[in-house]
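# Observations on the three-dimensional arrangement
Listed here are the chains, written in short residue letters.
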Amino acid sequence: MKKTVLLLMVIFPCIIFSQSKKVTLADAITIAQKQSPDYKTTLNRNQSNYWRFRNYKASFLPQLRFNATLPEYNKAVRRITNDAGQDIFVNQDQLLLEGGLSIAQNIPYTGGTLSLNSNLERIELFGLDDNIGYSVIPFSVRYFQNSLFYNPFKWDKKIEPLIYEESKRDFVEKMEDISVNACQRYFQLLKAQVQLEIAKVNLSNQDTLYQISKGRFKIGKIAENELLQVELTLLNSRNDVTTNIIELKRTSQNLARYLELDTENLELVIPDKLPLFDVNVDKAIEEAQSNRKAVIEFRRKRLEAEQELARVKGSNKLQLGLNANFGISQNGDDFNNLFTNFNKQQNLSLSVSIPIFDWGVSKSKRKMAEADLDLTNNDIDQEKQLFEQEIYLHVLNWSNQRDFLATSEKAKEIAIKRYEISQKRYVLDKITITDLNIALQEKDRAVLQYLNSLEKFWQDYYILRQLTLYDFINDKKLEVESVLFD
């Protein structure tokens, strides 16, 4: 077993640091924001919202369409009503060719659609002498509005830009979330690397102490119990090396796969401290209210609830619809004479629907919409309070995080120095193995505590950026270059 562990100690550093890739925390975050799975998911969501906004803008531009039936052939016996009002059966054998152009424009101020249409038909009847007929509509102007009391286009013009702005801010927030995730994976691997190095050093030291203790036992300076305790510590150190090798493999795979690197042999660098800067709570809340997507989301949710109430009120009692058409047409069996002496075609219809007795359905729908609006407003008020509280508490926590880091760094230095002194004193037979093991445990715990504090320090920094979308070091708003065409 001892030979196996020593072999691993010789081979493993060669595996790690031969052809290893040196990565800093800044490198890891930059790579994650360009090629991590979270980035790809965020990018796809952002693209979807971008094209949704493009679709919304295009819906208010004229839409030109070509419609055609090429061809439609019918051969059947059909029942028709003649001029005398009698139902008769006729053999129908015909070929229909039809084509037309239409241009439509949504009218955001009224909520209706205005369209200009033209159409040409050719019907060929088989088995008759005069077997070809034509019909033409050079132009026909039509206006249609489903409801005179509810305008969906007006609400779309309020809500859709907010959805798009919310998606852009969400993209920036998700990029900072990627920073937090990359930071977490970075420190997991960094701690695994440091702990492995500590375990290997401890194993080497324990092996030396075991050899010294065997010599002392032979000359009767220590009891067998103390020798067994030293041997037990040596065995535990060997297990620690094996355990940390496995943990290093797991965390290196975790980081390499997240960054989509072509190697898992990564050499990480302990990041430096950030420069000193102060974060004012009022400033943080102000920037968060100006930059975060949540503020846009509050407005959007309220507008959507108001839209639903307006829709219910507009269609719940009196429903009015308008359909108007004006144009010219002509038909005949000679194509050359179709474009003279046009016939006028025009119609106007106003549809009305009034519920007389509906067992309270209309009232209940309106009350439900009003209740949903009140609920939305209450939820928004609570979310605003939680929003501000989260920022307030995090800023307070950040203000103390640098002190925690400085304390843990000092504790690490003291624990390492104490262990070195204890180790020398044990060699000189001044202290027991129990005292040495206590110093060893405190040293390892202090080193790990320092790394945990350093990890918390950097994670809190990126969470602060995520909560405010503001760079307090450079005193500017966080922005991400657009990945789409504006």
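Analysis parameters
Residues numbered from 1 in each chain as written. Predicted model: local features only at pLDDT ≥ 70, side-chain atom pairs only at ≥ 80, totals over all residues. Heavy atoms only, no water. Helix = DSSP H or I, 4+ residues; strand = E, 2+ residues; numbered from the N terminus. Buried < 20%, exposed > 50% of the residue type's maximum accessible area, 1.4 Å probe, protein only. Pairing = 2+ DSSP bridges. pLDDT = per-residue confidence, 0-100. Contact = heavy atoms within 4.5 Å. Phe/Tyr/Trp six-rings, centres within 6.5 Å; stacked < 30°, edge-to-face > 60°. Lys NZ or Arg CZ within 6 Å of the ring centre and 35° of its normal. Axes fitted to C-alpha atoms, helices over the stretch in contact; angles between N-to-C directions. Parallel < 35°, antiparallel > 145°, perpendicular 65-115°, else oblique. Left-handed = near helix turned anticlockwise from the far one by under 90°. Nonpolar A, V, L, I, M, F, W, Y, C, P; charged D, E, K, R; others polar. Bend = angle between axes of the 7 residues up to and from the residue. Core = buried A, V, L, I, M, F, W, Y, C linked by side-chain atoms within 4.5 Å.

### Things to note about unusual backbone geometry
Phi is positive for Glu260, which is not a glycine, with a value near 55°. On the secondary structure map, Glu260 appears in the loop between α5 (224-259) and β6 (266-268). Given the relative accessible area of 38%, Glu260 is considered partly exposed.

### Considerations on the pairing of strand β4 (residues 112-125)
With 14 bridges connecting them, strand β3 (residues 87-107) and β4 associate as antiparallel partners. Within β4, the position partnered with Leu96 by the bridge is Ile123. Direction of pairing for β4 relative to strand β5 (residues 132-145): antiparallel, over a ladder of eleven bridges. For Asn117, the partnering residue across the bridge sits in β5 and is Ser140.

### A closer look at the confidence of the model for the protein chain
Summarising the model, the protein chain shows a mean pLDDT of 83, and 92% of its residues fall at 70 or more. Averaged over each element, pLDDT in the protein chain is lowest for helix α1 (residues 2-17) (40) and highest for helix α2 (residues 25-35) (91). A low-confidence stretch, residues 1-18 stays under pLDDT 50, and its non-local contacts, those more than four residues away or across chains, total 19 contacts.

### A word on the packing of aromatic side chains
Taken as a whole, this structure holds 15 aromatic pairs when the rule is applied. Ring geometry for Tyr186 versus Phe187: centroids 5.9 Å apart, planes at 75°, classification edge-to-face. Summarising the burial analysis for this pair, Tyr186 and Phe187 share the class buried. Ring centres of Trp458 and Tyr461 lie 6.1 Å apart, and the angle between their planes is 90°; on these two criteria the pair is classed as edge-to-face. Placement of the pair is Trp458 and Tyr461 together in helix α9 (residues 433-468), with a separation of three residues, close to one helical turn. By relative accessible area, which is 6% here, Tyr461 ends up buried. One cation-aromatic arrangement involves Lys157 over Phe60; the distance from NZ or CZ to the ring centre is 5.3 Å. A cation over an aromatic ring shows up here: Lys412 above the ring of Tyr450, its NZ or CZ 4.2 Å from the ring centre.

### Focus: the packing of helix α8 (residues 361-427) against α9
With their axes 7 Å apart at the nearest point, α8 and α9 run at an angle of 160° to one another. Judged by the inter-axis angle, α8 sits roughly antiparallel to α9. The handedness of the crossing between α8 and α9 is left-handed. A per-class count over the contact of α8 with α9 returns 24 nonpolar, nine polar and nine charged.

### Considerations on the side chain of Ser179
Structurally, Ser179 can be placed in helix α4 (residues 152-218). Ser179 gets classed as buried once you look at its relative accessible area, which sits at 1%. Residues within four places of Ser179 in sequence aside, it is in contact with Ile29, Gln33 and Tyr462.

### Some thoughts on α8
Along α8, the sharpest kink reaches roughly 30°, centred on Asn400. Asp429 sits one or two positions beyond α8 and adopts a positive phi of about 65°.

### Some words on the nonpolar core
Counting residues in hydrophobic clusters, the biggest one holds 70 residues, and the most contacted among them are Tyr186 and Trp458. No other element matches α4, which puts 16 residues into this core. Residues contacting Tyr186, with those up to four places away along its chain left out, are Val23, Thr24, Leu25, Ala28, Leu255, Leu268, Val269 and Pro271. Among the nonpolar cores identified, the runner-up in size contains seven residues, and Tyr150, Ile163, Ile296 and Leu303 belong to it.

### Here's the deal with the packing of helix α6 (residues 281-291) against α8
For the pair α6 and α8, interaxial distance at closest approach is 9 Å and the crossing angle is 140°. Relative to α8, α6 is oriented oblique. Seen along the crossing, α6 lies across α8 with a hand that is right-handed. Here Val281, Ala284, Ile285, Ala288 and Gln289 of α6 come into contact with α8, specifically with Phe387, Glu388, Ile391, Tyr392 and Val395. Considered class by class, the residues forming the contact of α6 with α8 number eight nonpolar, one polar and one charged.

### Details of the pairing of β3
Summarising the sheet, strand β2 (residues 63-81) and β3 pair through 17 bridges and their orientation is antiparallel. The residue of β3 that forms the bridge with Ala76 is Gln92. In textbook terms, the turn of a hairpin is the stretch between consecutive antiparallel strands, and for β3 and β4 this stretch comprises four residues, one of which, Gly111, has a positive phi near 95°.

### So, the environment of Leu405
Along the polypeptide, Leu405 turns up in helix α8. For the pair Leu405 and Glu231, spaced 174 residues apart in sequence, the C-alpha separation works out to 36 Å. When near neighbours in sequence (up to four residues on either side) are disregarded, Leu405 contacts Lys273, Tyr450, Ser453, Leu454 and Phe457.

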